[in-house]
Amino acid sequence: MLACTAGLFAQPTQDQRKQELEYTRAHYTKYDYRIPMRDGVKLFTSVYVPKDTAQSYPFLMQRTPYSVGPYGIDNYRPVLGPSELFTKEGFIFVYQDVRGRYLSEGTFVDMLPHKTHFSGPKDFDDSTDTYDTIDWLVKNVANNNGKVGIWGISYNGFYATYSLIDSHPALKAVSPQAPMGDVGNGDDAFHNGAFYLAANFGFYVGFKPRGDDPERPQRSVPFDYQTPDAYDFYLKMGPLSNSNEKYLKNSNPYWTDNLKHARYDEFWQTRSLVPFMKNVTPAVMFVGGWFDAEDLSGPLKLFHQLEKNGPSAPDTLVMGPWSHGGWSRGPGDTLGNLNFASKTGDFYREHIEFPFFMEHLKAKGDGLKAKAEAATPKAYLFETGTDQWRRFDSWPAKNAVSRVLHFDAAGKLSMQAASDVGFDEYVSDPDRPVPVTGEIGAGMPGDYMTYDQRFASKRPDVLVYQTETLEHDVTIAGPVTPVLSVSTTGTDSDFVVKLIDVYPTDYPDPDPNPSRIHMGGYQQLVRGEPFRGKFRNSFEKPEPFVPGKRARIEFGMPDVCHSFRVGHRIMVQVQSSWFPLTDRNPQQFLDIPSAKSSDFQKATERVYRGGAEGSGIKVLVLE
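> Honestly, the overall build of the protein chain in this entry has me stumped. Any pointers?
Of regular secondary structure, the protein chain possesses 12 helices and 26 strands. Here the protein chain has a C-alpha radius of gyration of 25 Å; the compact-globule value for 623 residues is 25 Å, and the two agree. The principal-axis extent of the C-alpha atoms belonging to the protein chain is close to 75 × 55 × 50 Å. Every one of the 623 residues in the protein chain was classed for burial, and the buried ones make up 58%. Accessible area for the protein chain stands at about 24,800 Å²; split by element, carbon and sulfur atoms hold 48% of it. For the protein chain, the distance from the average position of its 66 positive side-chain charges to the average position of its 77 negative side-chain charges is 2 Å.

Structural data, given as structure tokens:
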């Protein structure tokens, strides 16, 4: 949903854009339509039709709240479809402003809930809007072959996912990419009860309600943080309640909704699309990035639910070494300080995305199969660490074995039972929270999930456990599940768990090395998630901690497919803040969006190890 990664990738030059635009204008004719929905509301839709009428074409559609611009039939997009490959191949491309955004009529609802019961033939949601749009297109746009594909990234991926519910018969292939599957738990808004502060504030200062009538995008003044140091900005903001008082002035109901719903209540439950991944008839390709700072969880949750319910057509999970939307642009050979030894973005666009739609919309090629007689893979994943693409006939893989990384004395981490029973402790001070990065910069940089964690391991309020140097590769493939035994002197506390790959001390530096990074001993974040302790038994009904009393916290982190190589170490860090990625916990049992500055107190956190109730991380290992 959010847009914090645009600066991570090189943008096309003016000459490139000019050439692309000239090609598109020469080969396509643009039409603008206002397509009627079942309730009479008309949705603004731009359609680009190939000038060559020697063959019929499938539709490739995107529905968006971000504008279908440029507006006007003489103003063209330079590239049509997911990549230039599609522009050159030839499709009927469709872009639609969703209900209530820009030139479409109606009222926009942020992440409109799906309706399981309709009040009458004119009742609607986004599944019916998609159905009505497809029905109109196949009946009214000449020279189409009766097949429709839909794709979209982030919020557009949310709408692509919506199209899988009660799909139109003409819809044959859908690729939700970085979709918000469950925005209230795991995607943009909340993760295990902890609010993703910097990302959501940064988004909603720009994503605002439209007026009552259709209008083109209006020029807006970017929000002025008045400092390049996001940590300092959000710390000085104070409690969440100050965000409206100081900055937004209660002018954005979308932001206010986040503050009103700080638990997984009906508001969030009805906005999850995960429960509706059943009776799905189109072929599906969920796409995500292992380093997606915004919607990593979405494609994984949706895929697993669809697999559980049984799809009617091939479904595949594709995950690569990308940040949010990184697969759609740039070569994809690097991200942050990491180098993947191949152009993963180029490979995805040419050998995964394009073949998927060609197979299902034009009956050309073998799609995602390794060869014609092979089955479509259930998962097509880039294994980080070894930096290679792998196909799996199930995910998690059938040969994955359950293991536990046990916390042990003296900061040791082992797959053997802990040798000692005891605890480690630290003082968590919400006035000095652990930062998400050791550098001054954005509160949630798009590539923070690749960052070096050495700055955090040096802090006294971060516990560190690590293995001995590995004598063979260890490939963790599947979900990562922390099981913590903890206590706190407060009545609420967060516990952040980070799985880290520690590089050998002789690991080579990049060449060239403009950032002067030293990769020897680099602590690469592989996966990290927060958990707000009061939700340990229920995300709907929070419970306070009894100060000093042990409690169990178990939660799932998004899947990984990562090899810890020979000579590396596996590390786990545990802390109680991750700022300003997540909001601060006052460490008292109360409604955090209503907290006052005086409510924030220090707390002593204990993590217990050893014995039957000791802390550890459950993982799946390929053997």
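Now that the structure has been shown, we can carry on.
> I would appreciate a short explanation of the environment of glutamine 226 in the present structure.
Along the polypeptide, glutamine 226 turns up in the loop between helix H5 (197–204) and helix H6 (230–237). Sequence spacing of glutamine 226 and valine 474 is 248 residues, and the spatial spacing of their C-alpha atoms is 45 Å.

> I keep staring at the pairing of strand S23 (residues 557–564) and nothing clicks. Help me out?
Looking down a regular strand, the side chains alternate between one sheet face and the other. Of all eight residues that make up S23, eight are buried, and the element is covered over most of its length. As defined by bridge partners, strand S19 (residues 474–488) adjoins S23 across six bridges and the pair is classed as antiparallel. Directly across from valine 474, in S23, lies its bridge partner phenylalanine 564.

> I'm lost on the nonpolar core in this one. Help?
Generally speaking, nonpolar side chains in soluble globular proteins are found buried as a group. Phe93, Leu137, Tyr234, Phe286, Trp395 and Tyr448 are the most contacted members of the largest nonpolar core, which has 139 residues in total. Ranked by residue count, the leading element in this core is helix H11 (residues 344–362), at seven residues. In contact with tyrosine 234, other than residues within four places in its own chain, are Leu197, Ala198, Phe201, Gly202, Tyr225, Phe579 and Pro580. With 31 residues, the next largest nonpolar core counts Phe555, Phe564, Ile570 and Val607 among its residues.

> So what exactly am I meant to see when it comes to the pattern of salt bridges here?
Pairs can form between side chains of opposite charge whenever their charged atoms are close. Going through the model one piece at a time under the given rule, you end up with 31 salt bridges. Aspartate 135 is the salt-bridge partner of lysine 139, the closest N and O atoms lying 2.9 Å from each other. Of the two residues, lysine 139 and aspartate 135 are both situated in helix H3 (residues 126–140); the distance of four residues between them amounts to about one turn of the helix. By relative accessible area, which is 23% here, aspartate 135 ends up partly exposed. As a salt-bridge pair, arginine 390 and glutamate 383 come within 2.6 Å of each other at their nearest N and O atoms. Judged by its relative accessible area of 30%, arginine 390 falls in the partly exposed class. You can call glutamate 383 buried: its relative accessible area is 2%. In this structure, a network of salt bridges that share partners links the residues Asp39, Arg99 and Asp129.

> Help me out: how do you make sense of the environment of threonine 475 in this one?
Along the chain, threonine 475 turns up in strand S19. Among the residues examined, threonine 475 registers a relative accessible area of 10% and is labelled buried. Sequence spacing of threonine 475 and aspartate 166 is 309 residues, and the spatial spacing of their C-alpha atoms is 39 Å. Those residues in contact with threonine 475 that lie beyond four places of it in its chain are Glu383, His562, Ser563, Leu620, Val621 and Leu622. Engagement of the side chain of threonine 475 in a polar contact is seen with the side chain of serine 563, the distance being 2.5 Å.

> Explain helix H4 (residues 155–162) here, please?
Owing to its 3.6 residues per turn, the α-helix aligns residues three or four sequence positions apart on the same side. In terms of residue burial, H4 counts as a mostly covered element, since eight of its eight residues are buried. By the burial criterion, the buried members of H4 are Tyr155, Asn156, Gly157, Phe158, Tyr159, Ala160, Thr161 and Tyr162. The elements touched by buried residues of H4 are strand S3 (57–64), H3, strand S5 (144–153), strand S6 (171–177) and helix H10 (297–309).

> Hey, could you run me through the sheet that holds strand S2 (residues 42–50) in this one?
Sheets are built from strands that pair by backbone hydrogen bonding, the pairs being arranged parallel or antiparallel. Sheet architecture is open: 10 strands sit in the order S1-S2-S4-S3-S5-S6-S9-S10-S13-S14, paired in mixed fashion. What marks the edges here is a single partner per strand, and that holds for strand S1 (28–36) and strand S14 (388–392). Geometrically, the sheet is characterised by an average inter-axis angle of 20 degrees between neighbouring strands, direction not taken into account. Pairing of strand S9 (residues 283–289) with strand S10 (residues 315–320) involves six bridges; the strand directions are parallel. Residue pairing in the sheet places phenylalanine 286 in a bridge with leucine 317 of S10.

> I would appreciate a short explanation of H6 in the present structure.
Ala230, Phe233, Tyr234 and Met237 are the residues of H6 that are buried. In a view along the axis of H6, the buried residues occupy a sector of 85 degrees, so they form one face of it. Packed against the buried residues of H6 are H5 and helix H7 (242–248). For H6, the side-chain oxygen to backbone nitrogen distance between the N-cap and tyrosine 231 is 3.2 Å, and the N-cap itself is aspartate 229. Taken from the residues just after H6, glycine 238 is the one with a positive phi, measuring 80 degrees.

> I would appreciate a short explanation of the confidence of the model for the protein chain in the present structure.
Segments scoring low in pLDDT should not have their predicted coordinates read at a detailed level. Averaged over every residue, the pLDDT of the protein chain is 96; the share at 70 or more is 98%. In the model, residues 3–7 has pLDDT below 50 throughout and makes 10 contacts with residues more than four positions away in sequence or in other chains.

> Got a minute to help me understand the packing of H5 against H6 in this structure?
Packed helices, taken two at a time, are described by the angle their axes make and the gap between the axes. One way to put it is that H5 packs onto H6 with a least axis distance of 12 Å and a crossing angle of 85 degrees. In terms of their interaxial angle, H5 and H6 are classed as roughly perpendicular. In this structure, H5 contributes Leu197, Ala198, Phe201 and Gly202 to the contact, and H6 contributes Phe233, Tyr234 and Met237. Its residues placed into classes, the contact of H5 with H6 shows six nonpolar, one polar and no charged.

The rules we used
Residues numbered from 1 in each chain as written. Predicted model: local features only at pLDDT ≥ 70, side-chain atom pairs only at ≥ 80, totals over all residues. Heavy atoms only, no water. Helix = DSSP H or I, 4+ residues; strand = E, 2+ residues; numbered from the N terminus. Rg over C-alpha atoms; globule rule 2.2 N^0.38 Å. Buried < 20%, exposed > 50% of the residue type's maximum accessible area, 1.4 Å probe, protein only. Areas by Shrake-Rupley, 256 points an atom, 1.4 Å probe, with all protein chains shown as cover. Lys, Arg positive; Asp, Glu negative; His and termini not counted. Charge placed at Lys NZ, Arg CZ, Asp CG, Glu CD. Pairing = 2+ DSSP bridges. Core = buried A, V, L, I, M, F, W, Y, C linked by side-chain atoms within 4.5 Å. Contact = heavy atoms within 4.5 Å. Salt bridge = Lys/Arg side-chain N within 4 Å of Asp/Glu carboxyl O. Polar contact = N/O pair within 3.5 Å; in protein donor to acceptor, adjacent residues only side chain to side chain. Axes fitted to C-alpha atoms, helices over the stretch in contact; angles between N-to-C directions. Arc of directions from axis to C-beta. pLDDT = per-residue confidence, 0-100. Parallel < 35°, antiparallel > 145°, perpendicular 65-115°, else oblique. Nonpolar A, V, L, I, M, F, W, Y, C, P; charged D, E, K, R; others polar.

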